[in-house]
Amino acid sequence: MTSMRVVVDLTKCEGYAQCAFLAPEAFRMVGDEALMFDPAPPDELQEKVLRAAAACPVQALQVDMADLPTPPPTATVSADGDDRLRHEGRIVIVGASLAGLKAAEQLRAEGFTGKLTMIGDEPEEPYDRPPLSKQVQTGWAASADTTLPRRRDIAADWKLGVAATGLDLEHNFVTLADGQHVGFDRLLIATGVRARPWFVPEEAGLDGVFTIRTRADATGLRERLLAKPRRVLVIGSGFTGSEMASVCVELGIPVTVAEAGPAPLAGALGGVIGRIAADIMREHGVDLRVNTRVDSLQGEDGRLRRALLSDGTTLDVDVAVVALGGIRNVEWLQGSNLAVGMWGVACDAGCRAFDANGLVTDDVFVAGDVARQPQPMFGYQFLAMEHWGNSVTQAQVAAHNMISGKTDRWPHLEVSAFWSLQFGNNIKSVGVPVIADQIAITQGSVDKRQFVAAYGYKGRVVGAVAWNQGKWLDFYEKLIEQAAPFPPPYDMTNPPADPTPVPAEFPAMTYPGRDATVVVTGHDPSERRATLVRGRR
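First, a word on what this report is: a plain description of the structure on this page. (Residues numbered from 1 in each chain as written. Predicted model: local features only at pLDDT ≥ 70, side-chain atom pairs only at ≥ 80, totals over all residues. Heavy atoms only, no water.)

1. Things to note about the side chain of Ser 404
Following the sequence through the fold, Ser 404 ends up in the loop between helix H10 (388-402) and strand E28 (417-422). Classification of Ser 404 as buried rests on a relative accessible area of 7%. (Helix = DSSP H or I, 4+ residues; strand = E, 2+ residues; numbered from the N terminus. Buried < 20%, exposed > 50% of the residue type's maximum accessible area, 1.4 Å probe, protein only.)

2. What about empty space enclosed by the protein?
Summed over all chains, the structure comprises 3 cavities of 30 Å³ or more. Volume-wise, the largest cavity comes out at about 140 Å³. Secondary-structure elements contributing two or more residues to the lining of the largest cavity are strand E3 (34-37), E28 and strand E29 (425-431). A total of 4 residues in the lining of the largest cavity trace back to one element, the largest contributor, which is E3. A breakdown of the residues in the lining of the largest cavity according to their chemical character gives 12 nonpolar, 3 polar and 4 charged. Lining the second largest cavity are 13 residues, and of these Gln 373, Gln 375, Met 385, Asn 390 and His 412 sit closest to its centre. For the lining of the second largest cavity, the element with the highest residue contribution is strand E26 (residues 371-375), accounting for 3 residues. (1 Å grid on protein atoms, 1.4 Å probe; cavity = no way out; pocket = protein on both sides within 12 Å on 5 of 7 lines; lining within 4 Å. Points joined across faces, edges and corners; volume = space filled by probe spheres on them. Nonpolar A, V, L, I, M, F, W, Y, C, P; charged D, E, K, R; others polar.)

3. Notes on the sheet that holds strand E19 (residues 314-316)
Across the sheet, 3 strands lie side by side as E17-E18-E19; this open sheet has antiparallel pairing. Each end of this open sheet is capped by a strand with a single partner; those strands are strand E17 (294-300) and E19. With strand direction ignored, the average angle separating the axes of adjacent strands in the sheet is 25°. As paired strands, E17 and strand E18 (residues 303-309) are joined by 6 bridges and run antiparallel to one another. Looking at E18, one finds that Glu 300 is bridged to Arg 303. (Pairing = 2+ DSSP bridges. Axes fitted to C-alpha atoms, helices over the stretch in contact; angles between N-to-C directions.)

4. Some details on the packing of aromatic side chains
Think of a pair of aromatic rings as described by two things: how far the centres are apart, and how the planes are tilted against each other in angle. Within the structure shown, the criterion is met by 7 aromatic pairs. Considering the side-chain rings of Phe 451 and Trp 467, the 5.7 Å spacing of their centres and the 10° angle between planes classify their relative orientation as stacked. Placement of the pair is Phe 451 in strand E31 (residues 450-457) and Trp 467 in strand E32 (residues 460-467), with a sequence separation of 16 residues. Residue Phe 451 is classed as buried on the basis of its relative accessible area, which comes to 0%. On the basis of relative accessibility, which here comes to 1%, the residue Trp 467 falls in the buried class. One residue, Arg 28, lies across the ring of Trp 140, its end atom 4.0 Å from the ring centre. (Phe/Tyr/Trp six-rings, centres within 6.5 Å; stacked < 30°, edge-to-face > 60°. Lys NZ or Arg CZ within 6 Å of the ring centre and 35° of its normal.)

5. Concerning the packing of helix H7 (residues 215-226) against helix H8 (residues 239-251)
Where H7 contacts H8, the two axes come as close as 11 Å, and the packing angle between them is 35°. Along this stretch, H7 crosses H8, giving a crossing that reads as right-handed. Residues Leu 221, Arg 222 and Leu 225 of H7 lie in contact with H8, whose contacting residues are Met 244, Val 247 and Leu 251. Of the residues assigned to the contact of H7 with H8, the class counts are 5 nonpolar, no polar and 1 charged. (Left-handed = near helix turned anticlockwise from the far one by under 90°. Contact = heavy atoms within 4.5 Å.)

6. Focus: the side chain of Glu 105
With respect to the element layout, Glu 105 can be found in helix H4 (residues 98-109). You can call Glu 105 buried: its relative accessible area is 5%. Beyond its immediate sequence surroundings of up to four residues, Glu 105 is in contact with Pro 149, Arg 150, Arg 151, Arg 152 and Ile 154.

7. Some thoughts on the sheet that holds strand E20 (residues 319-322)
Pairing is parallel across the open sheet formed by 5 strands, whose spatial order is E13-E20-E14-E15-E16. The two strands at the open ends of the sheet, each matched to only one other strand, are strand E13 (209-210) and strand E16 (287-289). Two elements, strand E15 (residues 255-258) and E16, share 3 bridges in a ladder whose sense is parallel. Within the sheet, the bridge partner assigned to Thr 256 lies in E16 and is Asp 287.

8. Notes on the nonpolar core
Val 232, Leu 269, Ile 273, Tyr 455 and Tyr 476 are the most contacted members of the largest nonpolar core, which totals 64 residues. The biggest single contributor to this core is helix H9 (residues 266-283), with 8 residues. One finds Cys 19, Val 49, Leu 61 and Ile 91 within the second-largest nonpolar core, a separate group that totals 50 residues. (Core = buried A, V, L, I, M, F, W, Y, C linked by side-chain atoms within 4.5 Å.)

9. Some words on helix H11 (residues 473-481)
Three or more residues of H11 are buried, namely Leu 473, Tyr 476, Leu 479 and Ile 480. For H11, the buried positions fall inside an angular range of 110° around the axis, keeping them on one side. On the buried face of H11, the contacting elements are E29, strand E30 (438-445), E31 and E32. Note on H11: the residue one or two positions beyond its end, Ala 483, has a positive phi of about 55°. (Arc of directions from axis to C-beta.)

Listed below in structure tokens is the structure:
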């Protein structure tokens, strides 16, 4: 049993390996720069882990600090803020998630001393999800050990294991599944996403069919992988699907990946990078079927036995991992008159939610995977960024703005970043590659699996991806922030053999908000009002 909790911000980590030198029992390098870590190292390693955290050149390691003396607030007075709210107000956070916890810590760090309530539909306190498809499945960590460390005591009233079922903005309260009404002066919505299940309920209910989003998912899947199934079928080859295929290879379990598109990762990184990912999968023995759908899952005595694919083949499988993306948790907001839909909860750059009319609300804020906000760096497009680092920074901005006056509010202008570890390769990306029309290899060698590629849109750098070269991404992040021309007009270190831009080959995007979302009534401008209608899912 351990009481120590650790998390690593892998968007910051640049693979200096100081932690692996100082505490090799808790930190392990994979390849040249990818890092794996034990989220709950034994207490006897505390001194080593604390030294490792202190030595990290980019300060990417976070260790639980909740038991230490509470540091003083970083700010206690807002120029035009509401002091009563700051000291006596009621703030409710719906979503006991990474975003919810980071917002709570930020509120306390900025001197909020009022009542703080955390509501979550799962029975556990906030935990870290990335290890569930990595360390937990390979057996290096247990899913129960992924509780997120605290940077401070947040002194919250926890309401766990009970879902929010409604929001009344006229009287400012949240309704819970057990009938409670929880009043608030400020509300943060951080309910995130859930895994998209297999589309046939009877087949989804077969023993052996898994999604992977929660601790319970991860525990069940780990137990089944330990039983050495004949073959695992992974449905979908985005990041989660590709990581699960990598885990199966590491565990020596035969694995087939069925991908409806032309290549793995093509939806996130385009066809050029997707073909590289496909080559790597096949080099590691994965039976990759692209442009192939799973037509049905079949079972015997309630257990999964086989899968029928659109290429006419039948696979004998004991385990299927459904990795088809997520569904945003917004159903509880139906009837609230907020601007919500399958695309999330719309908010401004300061994380204030929009109502159905498109007006900014004063009391309701949004952060994390469920938020969709305009991004000034990319033409004010409304974007939802389902990434770990985005959840952290967006939550901190939302928390600050919840207790700050209008002249002291922050915009959320973070350049999005994410990472993935698969087949020993450390993949990192910054910006918004999916809006690009071109891509160019700008550094390194694709053949050596060490390269950087930049993405461009109409002659401007909008993103970059690094394959075992994450140390260069800070440079590309600056190019994105400065709206630098594409291709980058610089003499790069370790230039590639061919830097010529080519089409990025992203699948045609379907904008999620083109269905009718509201009906508008009234004639006079003072009478015009919008009311949400349920969109198709």
